[in-house]
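Observations on chain architecture
Here is how the chains run, residue by residue.
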Amino acid sequence: MTSDPRLVVISNRVAVPKARGAAGAQGGLAGALHAALKSREGLWFGWSGEESESGRTGHIDTQTNDGVTTATIDLSQRDIDEYYNGYANATLWPLFHDRLDLAEYERETAKGYERVNERFAELSAPLIGPDDVVWVHDYHLIPLGERLRARGVQNRIGFFLHIPWPPTRLFVSLPYHERLVRTLLNYDVVGFQTKEWLDSFLHYCEHELGAEIDRNSGKVSFEGRTTIARAYPIGIDWDHFSRLGETGEARQAQQRLMSSTRRRAAMIGVDRLDYSKGIPERIDGIGRFFDRNPERVSDLVFVQIAPPSREDVESYQKIRAELEQKCGQINGARSEVDMVPIRYVNRGYSHAELFGFFRAAKIGLVTPLRDGMNLVAKEYVAAQDPEDPGVLVLSRFAGAAAQLKDAVLVNPHSPDDIAHAIRMALDMPLEERKRRYQAMIGTVRDDNVQEWTANFLRDLGTA
Ligand code: ADQ
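Residues numbered from 1 in each chain as written. Predicted model: local features only at pLDDT ≥ 70, side-chain atom pairs only at ≥ 80, totals over all residues. Heavy atoms only, no water.

Attention now goes to the sheet that holds strand S15 (residues 391-395). Consider a sheet: its strands pair through backbone hydrogen bonds, and that pairing is either parallel or antiparallel. Strand order in this open sheet of 6 strands is S13-S12-S11-S14-S15-S16, and the pairing throughout is parallel. In the strand order of this sheet, the two ends are held by strand S13 (342-345) and strand S16 (408-410), each with one partner. Going from strand to strand, the sheet's axes swing by 20° on average, the running direction of each strand aside. With 2 bridges connecting them, strand S11 (residues 265-270) and strand S14 (residues 363-366) associate as parallel partners. Each bridged residue has a counterpart across the sheet, and for Met267 the counterpart in S14 is Ile363. Sitting on the sheet, helix H13 (residues 375-382) is in contact with S11, S14 and S15, with an inclination near 170° to S15. (Pairing = 2+ DSSP bridges. Helix = DSSP H or I, 4+ residues; strand = E, 2+ residues; numbered from the N terminus. Axes fitted to C-alpha atoms, helices over the stretch in contact; angles between N-to-C directions. Contact = heavy atoms within 4.5 Å.)

Considering all chains together, one arrives at 43 salt bridges under this definition. Among the salt bridges present, the one from Arg296 reaches Asp299, with a minimum N-O distance of 3.1 Å. Among the residues examined, Arg296 registers a relative accessible area of 12% and is labelled buried. When the shortest N-O distance is used, the salt bridge between Arg433 and Asp388 registers 2.6 Å. Residue Arg433 is found in helix H15 (residues 430-446), and its partner Asp388 is found in the loop between H13 and S15; the two are separated by 45 residues along the sequence. The buried category is assigned to Arg433, whose relative accessible area is 15%. Via salt bridges that share partners, Arg78, Asp79, Glu82, Arg115 and Arg119 belong to a single interconnected network. (Salt bridge = Lys/Arg side-chain N within 4 Å of Asp/Glu carboxyl O. Buried < 20%, exposed > 50% of the residue type's maximum accessible area, 1.4 Å probe, protein only.)

Attention now moves to the site of the ligand. The immediate surroundings of the ligand are formed by 25 residues, with His162, Asp371, Met373, Leu375 and Glu379 found nearest. Asn374 places a polar main-chain atom, nitrogen or oxygen, 2.9 Å from an oxygen atom of the ligand. Relative to its unbound accessible area of 710 Å², the ligand is 95% covered by the protein chains. Broken down by element, the shell around the ligand gets its largest block of residues, 3 residues, from H13. Tallied by class, residues from the shell around the ligand come to 10 nonpolar, 9 polar and 6 charged. (Near = heavy atom within 4 Å. Polar contact = N/O pair within 3.5 Å; in protein donor to acceptor, adjacent residues only side chain to side chain. Areas by Shrake-Rupley, 256 points an atom, 1.4 Å probe, with all protein chains shown as cover. Nonpolar A, V, L, I, M, F, W, Y, C, P; charged D, E, K, R; others polar.)

Our focus in this paragraph is a negative patch on the surface. Where like charges cluster on the molecular surface, the negative patch consists of Glu50, Glu51, Asp81 and Asp312. Mapped onto the fold, Glu51 is located in strand S2 (residues 43-51). (Patch = residues over 30% accessible without salt bridge, like charges linked within 9 Å, V, L, I, M, F, W, Y side chains within 5 Å. Lys, Arg positive; Asp, Glu negative; His and termini not counted. Charge placed at Lys NZ, Arg CZ, Asp CG, Glu CD.)

As a further point, take the pairing of S11. Counting buried positions along S11 gives 6 out of 6 residues, so the element sits mostly inside the fold. Residue alternation in S11 divides its side chains into two sets, Ala265, Met267 and Gly269 and Ala266, Ile268 and Val270, and both sets are buried. Where S11 lies against strand S12 (residues 300-305), 6 bridges are found, and the strand directions are parallel. Bridged to Val270 within S12 is Ile305. For the segment spanning S11, helix H10 (residues 279-292) and S12, crossover handedness is right-handed. (Right-handed = clockwise from strand over helix to strand, strands pointing away.)

Tallied over the entire structure, the rule returns 24 aromatic pairs. Geometrically, the ring pair formed by Phe160 and Trp452 is edge-to-face, given 5.1 Å between the ring centres and 85° between the ring planes. Pair noted here: Phe160 is in strand S6 (residues 157-160) and Trp452 is in helix H16 (residues 449-462), with a separation of 292 residues, a long-range link. We note that Phe160, like Trp452, is buried. A cation sits over an aromatic face here: Arg179 above Tyr176, 5.2 Å from the ring centre. (Phe/Tyr/Trp six-rings, centres within 6.5 Å; stacked < 30°, edge-to-face > 60°. Lys NZ or Arg CZ within 6 Å of the ring centre and 35° of its normal.)

Read from one edge to the other, the open sheet built from 10 strands follows the order S3-S4-S2-S1-S5-S6-S7-S10-S9-S8, with strand pairing classed as mixed. The open sheet has two edge strands with one neighbour each: strand S3 (61-65) and strand S8 (212-214). Between one strand and the next, the sheet's axes are offset by a mean angle of 25°, whatever the strand orientation. Against the sheet, H16 engages strand S1 (7-13), strand S5 (133-137), S6, strand S7 (189-192) and strand S10 (225-231), with an angle of about 125° to S5.

Next comes the structure, spelled out in structure tokens:
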């Protein structure tokens, strides 16, 4: 018997546990939360992903699966347009990933965001027991804590932001930025992926709000309330992921990739199709590598796996078209009758298959322009053979770079830098590959998702 209080997780989407890993577009959050809930017989509340009017009438669909109870509501088309495609993914997501050029500021979508947060509070508050600990996730639901407090919820409520927190000079371009941050200070604990994002948040609180900050304890005191703000770098579910290597599915996937590339080294990229992931810039880097090293075109095959996401948002349609064009250009210029240098695949794979592909790939190319953490980087390292590990090429602008300093770190905006890193990785002697792998595997194994959950919930329990 565990004496831990029950955990209530509230996030935008709720993933049915069985579907885990199968649909890549679910992103890193789903797997992480499922592991946390399973150990505490928790409740997971959020949007079903379905469109209907039933959420407006208060209908909640409840299921218990694998020790986790899910309670989901549908959203109306207007809610989806304004809250999800609108404010969350066309305002906050680009702004928080430093893409002011893509951020749309519309009053209607801002109102829709507040309305859906209010509905989440209205429908989830009655499900929260007096001793439950509540953990709210991500940029879709920043105001939810304040809305729950307004309904008299006195429980400990924590919030974790999975994406970066932008520098103050960018963040202040958001209309009503102060209102958004004030709502955050209704949580007992606010967590960020890295110290860099935490520092940006504290900078805002101190300089724009005039809050009192204690950087040692992470305490932010404002108008009589205290919130703890800290960095909790998320990790992978090591126990689950590292065992996938023993499965037939992983071995088959590994074989499939290796036999199809024959003597060529495979290089892999796995991302949701998202402009923050730097995929077109990565393709430019590969093009530059081929231009600079034409004699090595036949040494390398690049596999990019990128399932579409957020297809109703215009910027996501554009990135898809841009990528198709770039891959087509390079393949047109560099293919032979029996060889295509870039394989671009628009679908998701299971985690076991990804494990196999990662293991088969001599180079993992993870080059986001901005990323809260990036779990693919950690999964790539976890899947390597310790006796003959591949090389991780990692953007210095991913949160993961703060922990994986022994990756080959690159500036993802620079095709020359990426081209140089690819060459270095291809030529890297076994001893150096092993040394880098050994320096990274400890943090990937030990700073795992269970540790992340335990650290956050420990602070929430004592806040
Ligand atoms: P994401 O932006 O979705 O997550 P990431 O951390 O890389 O990015 O997680 C992606 C997850 O989805 C990984 O587990 C990966 O294996 C899986 N995935 C990606 N492409 C896939 C494919 N084609 N098929 C199957 N699975 C695929 C957000 C933030 C990140 C942060 C996570 C967790 O943007 O910065 O690391 O949340 O906090």
